[in-house]
Number of protein chains: 2
Amino acid sequence: MASFTEHDNTAINTIRALAADVANSGHPGAPMGMAPVAHVLFSKFMNFNSKNPKWINRDRFVLSNGHACALQYILLHLAGYKVSMDDLKAFRQIDSITPGHPEVGVTEGIEVTTGPLGQGISNAVGLAIAQAHMGAVFNKDGFSLIDNYTYVFTGDGCLQEGVASEACSLAGHLKLGNLIAVYDDNRITIDGDTAVSFTEDVEQRFKSYGWEVLHVENGDDDVAAIADALAQAKKSQDKPTIINLKTTIGFGSLKQGGHDVHGAPLKKDDITQLKKKFGFNPEETFAVPKETYDIYNAAAEKGAKAEAEWQSLFKQYSEEYPKEASELTRRIENRLPEGWEKALPTYTTSDAAVGSRKLSETTISKLAEVLPELVGGSADLTGSNLTRWKGAEDFQHPSTGLGSYAGRYFRFGVREHGMTAICNGIAAYGGLIPFGATFLNFVSYAAGAVRLSALSHLRVLNVATHDSIGLGEDGPTHQPVETAAWLRAIPNLAFWRPADGNETSASYLVSILSQHTPSVLAFSRQNLPQLAGSSIEKAAKGGYVVEEVENPDVTLVSTGSEVYLCLGALEKLKAQGIKARLVSIPCFEVFNTQPRDYKLSVLPSGAPILSVEAYSTFGWGQYSHDHFGLQAWGASGPYDQVYKKFELTPEGISKRAEKVVAFYKKRGQPVFSPLISALDDISDE
Amino acid sequence: MASFTEHDNTAINTIRALAADVANSGHPGAPMGMAPVAHVLFSKFMNFNSKNPKWINRDRFVLSNGHACALQYILLHLAGYKVSMDDLKAFRQIDSITPGHPEVGVTEGIEVTTGPLGQGISNAVGLAIAQAHMGAVFNKDGFSLIDNYTYVFTGDGCLQEGVASEACSLAGHLKLGNLIAVYDDNRITIDGDTAVSFTEDVEQRFKSYGWEVLHVENGDDDVAAIADALAQAKKSQDKPTIINLKTTIGFGSLKQGGHDVHGAPLKKDDITQLKKKFGFNPEETFAVPKETYDIYNAAAEKGAKAEAEWQSLFKQYSEEYPKEASELTRRIENRLPEGWEKALPTYTTSDAAVGSRKLSETTISKLAEVLPELVGGSADLTGSNLTRWKGAEDFQHPSTGLGSYAGRYFRFGVREHGMTAICNGIAAYGGLIPFGATFLNFVSYAAGAVRLSALSHLRVLNVATHDSIGLGEDGPTHQPVETAAWLRAIPNLAFWRPADGNETSASYLVSILSQHTPSVLAFSRQNLPQLAGSSIEKAAKGGYVVEEVENPDVTLVSTGSEVYLCLGALEKLKAQGIKARLVSIPCFEVFNTQPRDYKLSVLPSGAPILSVEAYSTFGWGQYSHDHFGLQAWGASGPYDQVYKKFELTPEGISKRAEKVVAFYKKRGQPVFSPLISALDDISDE
């Protein structure tokens, strides 16, 4: 049992005073209110080695209320991570390692990027799932190698967000005993008192999810009660735990307990009285007493010792279970198995025309055999997304009889946003490559988490089937029109829309090789013939020439299910003496990274370029002079009739190509590739 | 109390058999399972007049599990709405009024567009809020004009969605007694049994939200229990009610109770045995016994009579309260008050430079005075969004002492997705113009509802402040980069990014005049000077010339907070003898609807066009030859330093403009406006 001295009290007040100094541009309230639980957790409970922040079995800490990051940076500083006092002074300044919200990759010791409310606690569910799975796969009798806890701090804001409801309901279903959440129940929101909008019974709600619910009445002073609650939470085997911790926001400030201390920094005189009250020198700023450093040095030493013991345990493990040990090492070091990519299927025109969702299923099934780190599932659309491979075991608590924690297939439920946020957590844990699946149209539900996959450089695969009006009868409510434009505009996100089997294999190849980039893989419901001009190598460049001609009159550029329609258009144009070439660009993000000369060989000057895609044409200006797509929404009906309605047929395409050719002939000026631009020339300098 | 005869049993089985015939391309299960509650509700409880589906005080019905729409179309047909047997036969066929999911505006009697899971039940919360507010404003002693109920059917899918959790938690807080939800607890999802992913205690969860929870054990046969539950739900004054109804999916089918009947149509022999079992002629399809029509004719007559009584009540009301009566009529007829637009503030360069969020606050405050139908609020960012006007009353249950149902300001809580879905419901009710507010970056959280505002042609205003890297210290997690591209790609959505006060007034003017188009209004945190070249009239065109010159060398085109930076660039260019003109395009959607000649006068041929915007440049190809924006994510720091880091300054802009001018001089070819395209020429024919 943790014991406390007056030095702990000093440490807590030091964190509060330091938070007031650090958060001089905003958000001092939560750090000051959560200082006690943060101190108890980091100095007495958390298992970490600040000298090796990547130790696989470290306890994970997530600050879901990321606006309180001054607190997290202070703790990382005290605990000996690479966060100096100068870094704390540079809080929220350009190019500092202490930005306004925690960003993984920017600051050592930050596990996931938080701040957008509801994401952190959902990431924590993913981190806990990853631990449970890795433990189930690699632990052996006497070798509990992977048994870390995941701790998450959350405010009421995160708990109001739907994404958190989705993730927490699933966490209860999955009985994730190693997940421990601390709810900072300070009853204050930006709009004032939680009474204005958030009066639900949070404890009852989490009980309904199947969580263990604990309660600490005095989170401001009662460190013993906090320690007891954390100790009890660690004992909970088959339930995640949430500790409802009553705190006073901005504790110590003249404005404590009010929403004035939520966002705005403390006034100078307020900081002065606060430091006096805590017995500190009000003239001193950014001060830490030696006793406080001592406590955290001890905690850091304890953690370093813990890792040392783990390393020796792993050494024995390596002797008794060499195969598992080398496999675990490979997974931790994020190396892919030798020759895994040979499992990717290749296709010729003699192969059957099938929906690319079916091609995706074949690819996933092959990859599941050679990539044990590939885990994932669907948001209750398994039979439509075709994401479950033969012989897959479900990831379920063994007591359900439906699977085990060693299972690699997830039943996410109808929870798209939670699914993607959970996948972010799984990817952040390490040793795993997660995927989540839904209809492309409903990837938008997960927008908040998708953008964070990209910002956080996490390799998350989003399998998105039924990727156009080709889904047919379900109609416009389910037919994406704007989705591709949105995803293509997100930095560091690869949106793939394969046209056939080889392009499908390429999309998985690049997605899995891209360790720091998430992908959305869009697949068709309707059947697509295999293209003569495609290959994994070509498609892996993001764009390539499907059919070339000498002195073309026009280039058609397309993606996915419209590419073979363009092939039909080429024939019609040929019949009229119009020479057209065809380009496929399954992935803008990847094609844009190709050398300029290659890109210009695919989309050269000389002839006009017409894009063809069953989406909004928004954004095609970068590749084409004219754009053929959807002007508005789709329609409900058999998919071929829907395509016909919008003239997305060989006839409709060739008709427009003729117009384009005639238009530019009439204009009589040289036609330049849209890839050539004045500002690119700048970058070429 | 409702009484039942064997004819009711026949009617229920008729609905089941008809559903099997109608849903011959999918989703027969839920309609067959929910036939009993649907029959009880529509024939005995619902207050509607199928001859006047727009009667303001009709009970609202929402099918949140919209994939079960065969059921809804059947009920509309039986109840005498304009849905013929031929329309039922055209289910999910091109251009039918019976698409794969219910779409408001397509089918008479459909209140909101549903199918994307979680939306319908959230819309229902909005419909109930609208009823409560309109009732509080217009009802008088003895004149309960607005007292309708809102009924919603939901499956487990909707309840798993985060958006539903957000909306239902708020509904409990608001104590919406007239909201009645029926949960079709059939324990089946697409992935199989709910046991694989959804094991939370739904009843306890809704109790935690403050809902009344009722329970019907046998929803397949026990019509009396269903009627009792509905009657009891209607009595609940201060709590929304959810009825947990145990049903058998696909009741009557050989596959009843399994997930095979969820999506796939029934086989012919299965339909045959079902009709035999129910005592119908298995050879007959799309058959309705006279007794069944009789029941629904009676219900329709009851409803017609109810409206007639309401009309006479309204006549008396008009005599006693002429002012209120004419106001209610105006609101129902969706007419804006005479001269309301005069309230819109105008600005000159002598007015102070302020953040456009502040300009938005001024505009909302003025409009709140002249537009009593304007209601709205923020997702717990009131102090940052600046959306609350002086003297506003909160929409709260009177018992809270925080406001009343007559209040027009909403405390949505940290629930962006729920907020927008609720606003969709408020707009669909009629007589109200709702707005919701958050940071632009978090409009993405509401993506699922935003696209449905647009598809449903609902006038919903989304106030989106902190619209760029200009939000500064909060950093990249809160700085939108891709958001504008996504919103601009959505059909029938107006994304506004005003550059100053006059453009801000214009954005509200057009948003409120656009009865069938939702808007996202993006406002800055940082101060913006008032432009000399702006006016409400010009900006209302969506795009206009801010500064014109003779024989320009280049046109700069920009939006929002970058427009005045471009003005600075113009001076620098002038100093170097480069003649540049400046265009502002606050709204692509609106500018694109202007006459071709006007558009070409704004973005003419002759000189190259350079776009400048602190976002991804994705999509600017439609207006500009070169594009200057963000290559990736923003940064955390004081906003002016962040702009400087990315060279979004007069210097950085002019430097690029010089390159563009030099590049096109060197090329030496005539420069054509990007607005001119071969396919536009098609449309000009």
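What you see is a predicted model; the values in this text were computed from it and never measured.

*Asks:* Explanation requested: the sheet that holds strand 3 (residues 179–185) of chain B in the structure shown.
*Replies:* Across a sheet, strands are paired by hydrogen bonds formed along the backbone, either parallel or antiparallel in direction. Residue and element names in this part refer to chain B. The parallel open sheet is built from 5 strands, whose spatial order is 1-2-3-7-6. Since the sheet does not close on itself, it has two edges, and those belong to strand 1 (60–63) and strand 6 (212–216), each with one partner. Here the average twist between neighbouring strands, direction ignored, is 15°.

*Asks:* Looking at this structure, I do not really get the relation of the copies chain B and chain A. What am I missing?
*Replies:* The operation linking the two copies of the chain is a rotation about an axis combined with a translation along the axis. At an RMSD of 0.0 Å, chain B and chain A line up after a rotation of 180° and a shift of 0.0 Å along the axis. Classification of the inter-copy transformation places it as that of a two-fold axis. Residue by residue, 100% of the interface of chain B is reproduced at the interface of chain A, so both copies engage with the same surface.

*Asks:* Honestly, the interface of chain B and chain A in this entry has me stumped. Any pointers?
*Replies:* It is common to give the size of an interface as the accessible area lost on bringing the parts into contact. Between chain B and chain A, the contact holds 111 residues from the first and 111 residues from the second. In total, chain B and chain A occlude about 9,300 Å² of area from one another, counting both sides; carbon and sulfur atoms represent 58% of this. Among the salt bridges present, the one from Asp 474 of chain B reaches Arg 92 of chain A, with a minimum N-O distance of 3.1 Å. Ranked by residues supplied to the side of chain B that touches chain A, first place goes to helix 7 (residues 162–174) of chain B with 6 residues. Here the side of chain B that touches chain A is composed, by residue class, of 44 nonpolar, 41 polar and 26 charged.

*Asks:* Help me out: how do you make sense of helix 1 (residues 6–22) of chain B in this one?
*Replies:* Every α-helix carries 3.6 residues per turn, so stepping three or four residues along brings you back to the same face. For helix 1 of chain B, which comprises 17 residues, the first-to-last C-alpha distance of 24 Å matches the rise-based estimate of 24 Å (1.5 Å per residue) to within 8%. The N-cap of helix 1 of chain B, judged by a side-chain oxygen 3.0 Å from the amide nitrogen of His 7 of chain B a few residues on, is Thr 5 of chain B.

*Asks:* What is the right way to look at the nonpolar core in this model?
*Replies:* Most often, soluble globular proteins keep nonpolar side chains buried together rather than apart. Counting 164 residues, the largest nonpolar core has Leu 487 of chain A together with Leu 487 of chain B as its most contacted members. Excluding residues within four positions of it along the chain, Leu 487 of chain B makes contact with Leu 440, Val 443, Val 450, Leu 493, Phe 495 and Val 520 of chain B. If you look at the next biggest cluster of nonpolar residues, it comprises 117 residues, including Ala 379 of chain A together with Ala 164, Ala 325 and Phe 395 of chain B.

*Asks:* Is there a simple way to think about the UniProt feature "binding site: thiamine diphosphate" (unreviewed entry) in chain A in this case?
*Replies:* UniProt records the feature "binding site: thiamine diphosphate" (unreviewed entry) at His 67, Gly 115, Pro 116, Leu 117, Gly 157, Asn 186, His 262 and Phe 442 of chain A, using the numbering of this structure. Considering the C-alpha atoms alone, the annotated residues occupy 376 residues of sequence and remain spread out, their largest mutual distance being 34.6 Å. With respect to the helices and strands, Pro 116 of chain A occurs in the loop between helix 4 (85–89) and helix 5 (119–138). Among all residues touching Pro 116 of chain A, those that are not within four sequence positions of it are Leu 452 of chain A together with Phe 442, Tyr 445, Thr 477 and His 478 of chain B. Considering the arrangement of structural elements, one finds Phe 442 of chain A in the loop between strand 11 (433–439) and helix 17 (447–455). Classification of Phe 442 of chain A as buried rests on a relative accessible area of 6%. Sequence-distant contacts of Phe 442 of chain A, defined by excluding residues within four places in its chain, comprise Glu 416, Thr 477 and His 478 of chain A together with Pro 116 of chain B.

*Asks:* Explanation requested: the environment of Lys 315 of chain B in the structure shown.
*Replies:* Residue and element names in this part refer to chain B. Structurally, the position occupied by Lys 315 is in helix 12 (residues 290–320). Judged by relative accessible area, Lys 315 falls into the exposed class, the value being 54%. The spatial distance from the C-alpha of Lys 315 to the C-alpha of Ala 325 is 8.7 Å, given a sequence separation of 10 residues.

*Asks:* Got a minute to help me understand the domain arrangement of chain A in this structure?
*Replies:* Split into domains, chain A comes out as domain 1 (6–306), domain 2 (340–522) and domain 3 (543–667). One C-alpha centre belongs to domain 1 of chain A, the other to domain 3 of chain A; they are set 52 Å apart.

*Asks:* Can you walk me through the packing of helix 2 (residues 29–45) of chain B against helix 9 (residues 223–235) of chain B in this structure?
*Replies:* Any two packed helices are characterised by how steeply their axes cross, that is the angle between the axes, and by the distance between the axes. Residues and elements named next belong to chain B. Where helix 2 contacts helix 9, the two axes come as close as 10 Å, and the packing angle between them is 55°. In terms of orientation, helix 2 and helix 9 fall into the oblique class. Crossing of helix 2 over helix 9 shows right-handed handedness. Two secondary-structure elements touch here, helix 2 through Pro 36, Val 37, Val 40, Leu 41 and Phe 45 and helix 9 through Val 223, Ile 226, Ala 227, Leu 230, Ala 231 and Lys 234.

*Asks:* Would you take a moment to explain the side chain of Ser 197 of chain A for this structure?
*Replies:* The topology assignment puts Ser 197 of chain A in the loop between strand 5 (192–193) and helix 8 (202–208). Setting aside residues up to four positions removed in sequence, Ser 197 of chain A forms contacts with Gln 160 of chain A together with Leu 170, His 173, Arg 411, Phe 412, Gly 413 and Arg 415 of chain B.

Cut-offs applied
Just so you know, the residues in each chain are numbered from 1, in the order the chain's sequence is written. Each chain takes a letter, starting from A, and each ligand takes a number, starting from 1, following the order in which they are written. Selection of residues for local features in this predicted model requires a pLDDT of at least 70, selection of side-chain atom pairs for listing and counting requires 80 or more, and totals for whole chains, interfaces and linings are taken over all residues. Side-chain metrics in this entry use all non-hydrogen atoms of the structure; hydrogen atoms and water are not considered. Strands are treated as partners if at least two bridges between them are detected by DSSP. Only runs of H or I of at least four residues qualify as helices and only runs of E of at least two qualify as strands under DSSP, and these elements are numbered from the N terminus. Orientation is described by lines fitted to C-alpha atoms, with helices fitted over the stretch in contact, and by angles between N-to-C directions that extend from 0 to 180 degrees. To line up the copies, we fit them by least squares on C-alpha atoms, keeping just the residues with pLDDT of at least 70 in both. We call two residues contacting when some pair of their heavy atoms lies within 4.5 Å. Accessible surface is computed with a 1.4 Å probe, and the buried area is the amount of it that two parts give up when combined, taken over both parts together. When a carboxyl oxygen of Asp or Glu is within 4 Å of a side-chain nitrogen of Lys or Arg, the pair counts as a salt bridge. Gly falls in the polar group here, along with every residue not listed as nonpolar (Ala, Val, Leu, Ile, Met, Phe, Trp, Tyr, Cys, Pro) or charged (Asp, Glu, Lys, Arg). An expected span of 1.5 Å times one less than the residue number is assigned to each helix. N or O atoms closer than or at 3.5 Å make up a polar contact, with two conditions inside protein: a donor-capable atom paired with an acceptor-capable one, and, for residues adjacent in sequence, both atoms drawn from side chains. To qualify as a nonpolar core, a set must consist of buried Ala, Val, Leu, Ile, Met, Phe, Trp, Tyr and Cys residues joined through side-chain atoms within 4.5 Å. Any residue under 20% of the maximum accessible area for its type is buried, any over 50% is exposed, and the rest in between are partly exposed; the area is computed with a 1.4 Å probe on protein chains only. UniProt positions are given in the numbering used here, feature names are shortened, and annotations may be inferred rather than shown by experiment. Residue ranges for the domains trace back to a domain assignment, done automatically or taken from a database. When an angle is under 35 degrees it counts as roughly parallel; over 145 it counts as roughly antiparallel; between 65 and 115 it counts as roughly perpendicular; any other value is oblique. Handedness of a crossing is defined here by the sense of rotation of the near helix relative to the far one, left-handed for an anticlockwise turn of less than a right angle and right-handed for a clockwise turn.

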